Amino acid sequence: MTDIAITLTVNGVVRQVEVPGRRLLSDCLRHDLGLTGTHVGCEHGVCGCCTVLLDGEPVRSCLTFAVTVDGHDITTVEGLAAPDGAMSPVQRAFTECHGLQCGFCTPGFLCTVTALLRDNPSPTGEEVLEGISGNLCRCTGYQNIVKSVHRAAEIMAEES
Amino acid sequence: MTTKLFGEPVRRREDPRLLTGQGRFLDDLGAHALEAAFVRSPHAHARIRDVDVSAALDVDGLVAIYTWEDLPDLLAQPLPLLIPHPALTHGRTAHPLARDLVRHVGEPVVMVVARDRYLAEDACALIRVDYEVLKPVVGVEEAVQSARLVHEDVPGNVGAHLVQEVPSAAGLGARETIEAAPHTLSFRLDIERSASMPLEGRGVYARWDADDESLRVYSSTQTSTSVRMAVAARLGLPLPKVEVIAPDVGGGFGVKIVHPWPEELLVPWAAIALGREVKWTEDRREHFVSSAHERAQVHTVRVGFDDDGRVLGLDVTILHDHGAYTPYGIIVPIITSTQLPGPYRLGAYRVEFSSIYTNTVQVTPYRGAGRPQAVFCMERTMDRIAAYLGADRTAVRAVNFIQPDEFPYDQGLIFQDGRPLIYDSGDYPESLRMLKELIGWDSFPALKAQAAAEGRSIGIGIGCYVEGTGVGPYEGGHVQVTSDGRVHVSTGLTSQGQGHETVFAQIAATELGVPLERVSVVTGDTRRFGYAVGTFASRAAVMSGNAIALACRKVREKALRIAADALEADPGDLEIVGGEVRVVGSPGASIPLATVAVLSNPLRYAFDAEAARATQFAGASSFERPPVAEGEEPGLEGRDYYSPLRSTFASGMHAAIVETDPLTAEIRILRYAVVHDCGHLINPMIVEGQIHGGVAQGVGGALYERMVYDGHGQLLNASFMDFLMPYATEVPFIETAHLETPSPLNPLGIKGAGEAGVIPVSAVIASAVEDAEGIGIDRMPISPSELFDLRRSAG
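The structure presented is a predicted model; accordingly, all values stated were derived computationally and were not measured.

Participant: Quick one: what's the story with helix H12 (residues 428-439) of chain B, residue by residue and with numbers?
Facilitator: Residue and element names in this part refer to chain B. Between its first and last C-alpha atoms H12 spans 16 Å; for twelve residues at 1.5 Å apiece the expected length is 16 Å, and the two agree. Among the residues making up H12, those that are buried are Tyr428, Ser431, Leu432, Met434, Leu435 and Ile439. On an axial view of H12, the arc spanned by its buried residues comes to 165°, and they lie on one face. Those residues of H12 that are buried lie in contact with helix H11 (393-400), strand E17 (420-423), strand E18 (457-469), strand E26 (648-660), strand E27 (667-677) and strand E28 (734-738). Where H12 begins, one side-chain oxygen reaches toward the backbone nitrogen of Glu430, 3.2 Å away; that side chain belongs to Asp427. Positive backbone phi, approximately 75°, marks Gly440, located one or two places after H12.

Structural data, given as structure tokens:
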């Protein structure tokens, strides 16, 4: 199978990689680029663990072929913190509110919530539920994740 | 002790790495390892005639293909039967790769190793297995008719049969007592199959060091020490040459306590055979068809009671579907049968179960492990008694409660650990009082009438449970204070997201009087602690928590002894605060714990400034005794084990208010309340998180999750598209209240909390839907279409 050279900007860094046409973006990020923060839970687009931001919008990296995003901008969980390593408001809110347990689904939630709050900085309870309703979590029961989203909105408002 | 961290909602120390993508889950490791994939049976029951691998040999990147015939003798044997209970007369386990027969869809037949997973799957697709398809046995009721057998040498498909009976105070059996009771009721209750479904599936990664002849295995497991022993035994390796590490584990919920999985033996064996690193990461479909399920049971209940609703006799017969194999024994039906009495004093109790083979995925514990079924039985029984007598459902429960002054209370049964089932402590009347207040039980009729006036149908339900937690046999803890003042804690059991790094650090910091930041915790790494059982049965905090506390107390005792020498004080006058040993009431006289650690270890070499203070010329030492006194060991460290006499018994009560849609029969949970008693709380934030997660899984079990098998033994919903688990939109806000009745059995007074949340949910939702609809609910989970059908047949 002939590999195809692609260029991705991942977390602000230009990365060049050669992948077969069938290589999933999730595998490309995890195994070719070493960014293992993006997780694969179902490989059929339901659980949301593999969610990354593609040009700022949340997508399922397990349903995306790497070659189809050649030239695009990708943010993974590794790119959410500030360049100095300081955690983003969303990340801080999750630890404040105990919004994670095993942490496997967490990167997908963080990417989803980061985009959600960028588009809607003060979501209602219903909007938060709707916003995270594409991500499965098997540990926390969601209550503290919902709380984390509201808290993140608060932190962002305080710091803006 | 002023460093009070025990009982505080301390933020988790696990979080920063998990929030920044720095976690190390199984598939995050072994970047350059070869990858394995498996050809799995597409048939539920079939004889393997031939395996033709010729077409696969041309796949670029293929490294090896293995069938059963390629396995060495030890590995070719059936997998171990881990818990050989005497009642399991016909225990059967699978071979790591199928030998002649496959007994469920998904059973591994061929292992392929290739340069990466894509190529391994390419090769799998080209391997032709010739099967003689046999008719399968699907469903426990078909199995007991025994027209066909899952294992030719297991008559009637019955793997195990067990009866336990506790007579009445008058010495009468349950059946006699029921016949003589003023009132009797009989009914059948069903629960369907579900599964743990951690979002990270299973996975194994192995590295063989040929020079050293040692093996390192990483596995996404709930029991690294046991995987280590199994790997050493089945690969014929000396135990000290095998290390097993559970890295960050993405949820377990029971399924990852099973060991060794075929892959946990095959992947390390291939790594040795090939002299290369090998890894296997389970995909989701594999998890559905080749790991384990739970819950499916049929229960026939007969109960006798008096005019007050007091249960005089209870007789329950259980058919347990354990699938094709019994690697984990019959723990699930044992737990159902022994935990069924819950918080109640039953006059006489007889329980009988048969554990039955079917051509489906094997059954092993899933969070709650047999208890959701038990509680569904007992609580449905309480509701039916109340309905029969026209009594309030909570009043019928209250009249049957074991009272606070009756502990320890012996239920007269033998529990899953082979020990008497004796409740250690509890306060069930208080728990009920708190729950009724929290949910507003007494004012609900008015609410219901008001809703009815608006054309809405709402109902309230309740469920009570007692959970045996902290099951033995033991766990251990090792604590070491190094010369920089840091405290290193290790325990052999694992963590799958329960926050062990945090709660164990809280315990150590409290016991040793050091700041939390100075404590680090390692779990599930056999290099650090080789003796352990595992994380299951809500046992981690009770078992390792107490073991770590005991180890800390040893260290503390030694530290005070050494510091007393240095300070020329009596050890009894010393305390440790903020990492300093000081004389009580005399703040000037103190010595850092770090210095005590230096003093504990007489040295020859001054490798740093601290160490220079402990060399032979550093200070006065007695020439009358050796540098390390008899009976002493160098270093400020301690190891201890906690092995309980028997399990602790946590308890709780849940209530819910549901609304059912008059047209669509959709069931919506409006409110959900929990009163929970797990003894002393180490970290209330983490306990609440465990409750939330448990209730969410319970909501899944009550309303959505089921494994749908067709008559051919095909699992029709082996994907997240079709096996429904709740999202945020399906889980209600959970209101919680804590009651603390400390366990008298262990030094910290704690009971387990991990599984509790899930246990009563099906019973609670059934109770509430029944109240809303006025239709008996005897089968869970319940979907809108099932409720719709029930309405039609009732109407």
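Participant: Let's hear about the packing of helix H2 (residues 89-96) of chain A against helix H5 (residues 143-159) of chain A: which residues, and what values?
Facilitator: A pair of packed helices is characterised by two quantities: the angle between their axes and the separation of those axes. Residues and elements named next belong to chain A. Where H2 contacts H5, the axes come no closer than 8 Å and their chain directions differ by 135°. Classified by the angle their axes make, H2 and H5 are oblique. Here H2 runs over H5; the crossing is right-handed. Each of Pro89, Val90, Arg92, Ala93, Phe94 and Glu96 in H2 lies in contact with H5, whose residues at this interface are Ile145, Ser148, Arg151, Ala152, Ile155, Met156 and Glu159. Of the residues in the contact of H2 with H5, the class split is eight nonpolar, one polar and four charged.

Participant: Requested: an account of the nonpolar core, with residues and values cited.
Facilitator: Ranked by internal contacts, the top residues of the largest apolar core, which has 154 residues, are Leu314(B), Tyr672(B), Phe720(B) and Ile765(B). Not counting the four nearest positions on each side in its chain, Phe720(B) is found in contact with Gly41(A), Cys42(A), His44(A), Val46(A), Cys47(A), Leu136(A), Met197(B), Leu199(B), Arg284(B), Phe288(B) and Met725(B). Within the second largest apolar cluster, 49 residues are counted, among which are Phe6(B), Ile507(B), Val555(B) and Leu593(B).

Participant: Outline the sheet that holds strand E22 (residues 574-577) of chain B, supporting the account with residue identities and numerical values.
Facilitator: Residue and element names in this part refer to chain B. Taken in spatial order, the three strands make up an open sheet running E22-E23-E24, and their pairing is antiparallel. One side of each edge strand has no neighbouring strand; the edge strands of this open sheet are E22 and strand E24 (586-592). Adjacent strand axes in the sheet meet at a mean angle of 35° when their direction is disregarded. Where E22 and strand E23 (residues 580-583) come together, four bridges link them in antiparallel fashion. Following the sheet pairing, Glu575 is matched in E23 by Arg582. Taken strand by strand, helix H15 (residues 540-567) contacts E22, E23 and E24, and its axis lies near 115° from that of E22.

Participant: Mind laying out the sheet that holds strand E19 (residues 475-481) of chain B, listing which residues take part and the relevant values?
Facilitator: All names here are of chain B. The strand order E21-E20-E19-E25 describes an open sheet built from four strands, whose pairing is mixed. With one partner strand each, in any of the chains shown, strand E21 (519-523) and strand E25 (636-642) form the two edges of the open sheet. Averaged over all neighbouring strand pairs, the angle between strand axes comes to 15°, with direction disregarded. Bridge analysis of E19 against E25 gives seven bridges, and the strand direction is antiparallel.

Participant: Can you tell me about empty space enclosed by the protein, naming the residues and giving the values?
Facilitator: Residue and element names in this part refer to chain B. Evaluation of the coordinates by the stated rule reveals six cavities of 30 Å³ or more. By volume, the largest cavity is sized at about 220 Å³. Taken together, 23 residues line the largest cavity, and the ones lying closest to its centre are Leu79, Ala94, Trp261, Pro262 and Gln362. Grouping the constituent residues of the lining of the largest cavity by class yields eleven nonpolar, eight polar and four charged. When its volume is computed, the second largest cavity comes out at roughly 120 Å³.

Participant: Describe the packing of aromatic side chains, and please don't skip the residues or the numbers.
Facilitator: For any pair of aromatic rings, geometry is given as the distance between the ring centres together with the angle between the planes. Residues and elements named next belong to chain B. All chains considered together, the criterion is met by 16 aromatic pairs over all chains. When the centroid spacing of 5.5 Å and the interplanar angle of 15° are considered together, the rings of Tyr205 and Tyr218 count as stacked. Taken as a pair, Tyr205 in strand E9 (residues 203-209) and Tyr218 in strand E10 (residues 214-219) lie far apart in primary sequence, 13 residues in all. There is no split in this pair, since Tyr205 and Tyr218 are both buried. Between the aromatic rings of Phe305 and Tyr388, the centroid separation amounts to 5.5 Å while the plane-to-plane angle is 90°, which identifies the pairing as edge-to-face. Of this pair, Phe305 sits in strand E13 (residues 297-305) while Tyr388 sits in helix H10 (residues 371-389), placing them 83 residues apart in sequence.

Participant: I'd love a proper account of the pattern of salt bridges, names of residues and values included.
Facilitator: Residues and elements named next belong to chain A. As enumerated under the stated definition, the model contains 73 salt bridges over all chains in all. One salt bridge in this structure joins Arg92 and Glu159, with 2.9 Å as the shortest N-O distance. Separated by 67 residues along the polypeptide, Arg92 in helix H2 and Glu159 in helix H5 bring together distant segments of the chain. The class for Glu159 is partly exposed, based on a relative accessible area of 48%.

Participant: Give a description of the side chain of Ser355(B) that names residues and reports values.
Facilitator: All names here are of chain B. Tracing the backbone through its elements, the reader meets Ser355 in strand E15 (residues 349-357). Take Ser355: its relative accessible area is 0%, and that puts it in the buried class. Polar side-chain contacts of Ser355 include one of 2.5 Å to the side chain of His322. Setting aside anything within four residues of it in sequence, one finds Ser355 in contact with Asn157, Val158, Gly159, Ala160, His320, His322, Ile330 and Pro333.

Participant: Residues and numbers for the interface of chain B and chain A, please.
Facilitator: Contacts between the two partners involve 53 residues from chain B, matched on the other side by 47 residues from chain A. Surface buried jointly by chain B and chain A totals about 4,100 Å² across both partners, of which 59% is contributed by carbon and sulfur atoms. Taken as a group, Leu19(B), Tyr118(B) and Leu199(B) account for 20% of the area that chain B buries against chain A, more than any other trio of residues on that side. Taken together, the links from chain B to chain A amount to four salt bridges. Notably, a salt bridge pairs Asp122(B) with Arg22(A), separated by 2.7 Å at the nearest N-O pair.

Calculation criteria
- In this convention, every chain numbers its residues from 1, walking through the sequence in written order.
- Chains carry letters from A onward and ligands carry numbers from 1 onward, assigned in written order.
- Local features in this predicted model are restricted to residues of pLDDT 70 or higher, and side-chain atom pairs are both shown and tallied only at a pLDDT of 80 or more, whereas totals for entire chains, interfaces and linings draw on every residue.
- Based on all heavy atoms of the structure, the side-chain values leave hydrogens and waters out of the count.
- Put simply, DSSP H or I for four residues or longer makes a helix, DSSP E for two residues or longer makes a strand, and each gets a number counted from the N terminus.
- How far a helix is expected to stretch is found by multiplying one less than its residue total by 1.5 Å.
- Buried residues are those whose accessible area, probed at 1.4 Å on protein chains only, stays under 20% of the maximum for their type, while exposed residues exceed 50% and partly exposed ones sit between those limits.
- Comment: arc refers to directions from the helix axis out to C-beta atoms.
- Here a residue-residue contact requires only that any non-hydrogen atoms of the pair lie within 4.5 Å.
- Any pair of nitrogen or oxygen atoms within 3.5 Å is treated as a polar contact; in protein, a donor-acceptor pairing is required on top of that, and neighbouring residues in sequence qualify only through side-chain atoms on both sides.
- Note on geometry: axes are lines fitted to C-alpha atoms, helical ones only across the stretch in contact, with angles between N-to-C directions running from 0 to 180 degrees.
- By definition in this entry, angles of less than 35 degrees are roughly parallel, angles greater than 145 are roughly antiparallel, angles of 65 to 115 are roughly perpendicular, and the rest are oblique.
- Rotating anticlockwise by less than a right angle from the far helix to the near helix defines a left-handed crossing, while the corresponding clockwise rotation defines a right-handed one.
- Under the convention adopted here, Pro, Cys and the residues Ala, Val, Leu, Ile, Met, Phe, Trp and Tyr are nonpolar, Asp, Glu, Lys and Arg are charged, and Gly plus all remaining residues are polar.
- The criterion is simple. A nonpolar core is a set of buried Ala, Val, Leu, Ile, Met, Phe, Trp, Tyr and Cys residues joined through side-chain atoms within 4.5 Å.
- Any two strands are treated as partners once DSSP identifies two or more bridges connecting them.
- The pocket and cavity definitions rest on a 1 Å grid over protein atoms only: a 1.4 Å probe that fits but cannot leave marks a cavity, an open set with protein on both sides within 12 Å along at least five of seven lines marks a pocket, and residues lining either have an atom within 4 Å of a point.
- Grid points are joined across faces, edges and corners, and a volume is the space filled by probe spheres set on the points.
- Think of it this way: a Phe, Tyr or Trp ring, Trp meaning its six-membered ring, pairs with another when their centres are within 6.5 Å, and the plane angle makes it stacked under 30 degrees, edge-to-face over 60, tilted otherwise.
- Each salt bridge in this description consists of a side-chain nitrogen of Lys or Arg and a carboxyl oxygen of Asp or Glu lying within 4 Å of one another.
- By buried area we mean how much accessible surface two parts lose on assembly, using a 1.4 Å probe and totalling the loss over both.

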